[in-house]
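Per-entry structural report
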Amino acid sequence: MRMAITREVSAQIGRCELSCRIRETIDVELARLQHRRYEECLNALGCCVHRLREEPELPDSVFVEDAAIVLDELAIITRPGAESRRPETQSIAHALRPYRLLAYIEAPGILDGGDVLRLGKRLFVGLSRRSNEAALVQMRDLLAGHGYTVIGVPIKSCLHLKSAVTQVSADTLLINRNWVDDTAFAPMQLVDVHPSEPSAANALMIDGGVVFPLAYPATRRRLQARGIKVHIVDVSE
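Quick summary incoming for the structure in this document. (Residues numbered from 1 in each chain as written. Predicted model: local features only at pLDDT ≥ 70, side-chain atom pairs only at ≥ 80, totals over all residues. Heavy atoms only, no water.)

Some points on the environment of Ala-67
Residue placement: Ala-67 occurs in the loop between strand S2 (47-52) and strand S3 (68-70). Residue classification places Ala-67 among the buried residues on the basis of a relative accessible area of 3%. Distance from Ala-67 to Arg-118, taken between C-alpha atoms, is 15 Å for residues 51 residues apart in sequence. (Helix = DSSP H or I, 4+ residues; strand = E, 2+ residues; numbered from the N terminus. Buried < 20%, exposed > 50% of the residue type's maximum accessible area, 1.4 Å probe, protein only.)

So this is what it looks like as structure tokens:
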């Protein structure tokens, strides 16, 4: 059974790191309700949800993907680009240790999991404010014996690579080409986000379907027109 590691929303999420958005008031209880419904969606799709306890002093800790790159052979514990997020990796490493060998990104490398897109044995790493060339070089060294190719991809105007492009089927990516150059991803087919929804490329593929935010109906229709099954979640907070 596939395991999905999640974490309860921090009561301090209103103090989260921000780079590409203006700060707004967050309704913590609504965020927690929406997160529980996201977990229910994962469970309905066949995932065993392992929820970690809240980390009250780590505002961004609900975003567990940034703390580790989990591959079949090992898990790479990241060194997040925002210093305030680096303590998040400790509990993620503890949760993963029973299931994977662990490797670590070290200084001067910085890496957020949201900057890593896996397409089979190709790992695309967004070169961003949160992930750098030094981490990319370390990833190549750590994975040298496992057959992976690690490819750096510059991004612009967004926080992470997977803000700009994610996989939505075996041969298809959802992409905002204003934020990332599409040429690196050949021969994958591409679905463009709707122009009115620039942030809509952030999707999660699970077993032939896609978990996708309620907020982007025009892009959702583009996915459905390709025959992609979409599981909608409200993540407004």
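A few points about the pattern of salt bridges
This structure, assessed with the given rule, holds 15 salt bridges. Note that Arg-85 and Asp-66 form a salt bridge whose closest N and O atoms lie 2.8 Å from each other. Residue Arg-85 is located in the loop between strand S4 (74-77) and helix H2 (88-96), and its partner Asp-66 is located in the loop between S2 and S3; the two are separated by 19 residues in the primary sequence. Like Asp-66, Arg-85 is buried. Taking the shortest distance from any N to any O, the salt bridge between Arg-118 and Asp-72 comes out at 3.4 Å. (Salt bridge = Lys/Arg side-chain N within 4 Å of Asp/Glu carboxyl O.)

Digging into the packing of aromatic side chains
This model, assessed by the stated rule, comprises 2 aromatic pairs. Here Phe-212 and Tyr-216 contribute two aromatic rings whose centre-to-centre distance is 6.2 Å and whose plane-to-plane angle is 65 degrees, an arrangement assigned as edge-to-face. Both residues of the pair, Phe-212 and Tyr-216, belong to the buried class. (Phe/Tyr/Trp six-rings, centres within 6.5 Å; stacked < 30°, edge-to-face > 60°.)

Some thoughts on the sheet that holds strand S10 (residues 172-175)
Strand order across the open sheet formed by 3 strands is S9-S10-S11, with mixed pairing between neighbours. Two strands bound the open sheet, and with one partner strand each, they are strand S9 (165-169) and strand S11 (189-192). Averaged over all neighbouring strand pairs, the angle between strand axes comes to 35 degrees, with direction disregarded. Sheet topology places S10 next to S11; 4 bridges connect them, and they run parallel. Looking at the pairing, Ile-175 lines up with Asp-192 of S11. In this fold helix H5 (residues 217-225) packs onto S9, S10 and S11, with an angle of close to 150 degrees to the strand it touches most, S11. (Pairing = 2+ DSSP bridges. Axes fitted to C-alpha atoms, helices over the stretch in contact; angles between N-to-C directions. Contact = heavy atoms within 4.5 Å.)

Without other data, these values stay purely geometric and don't point to any function.
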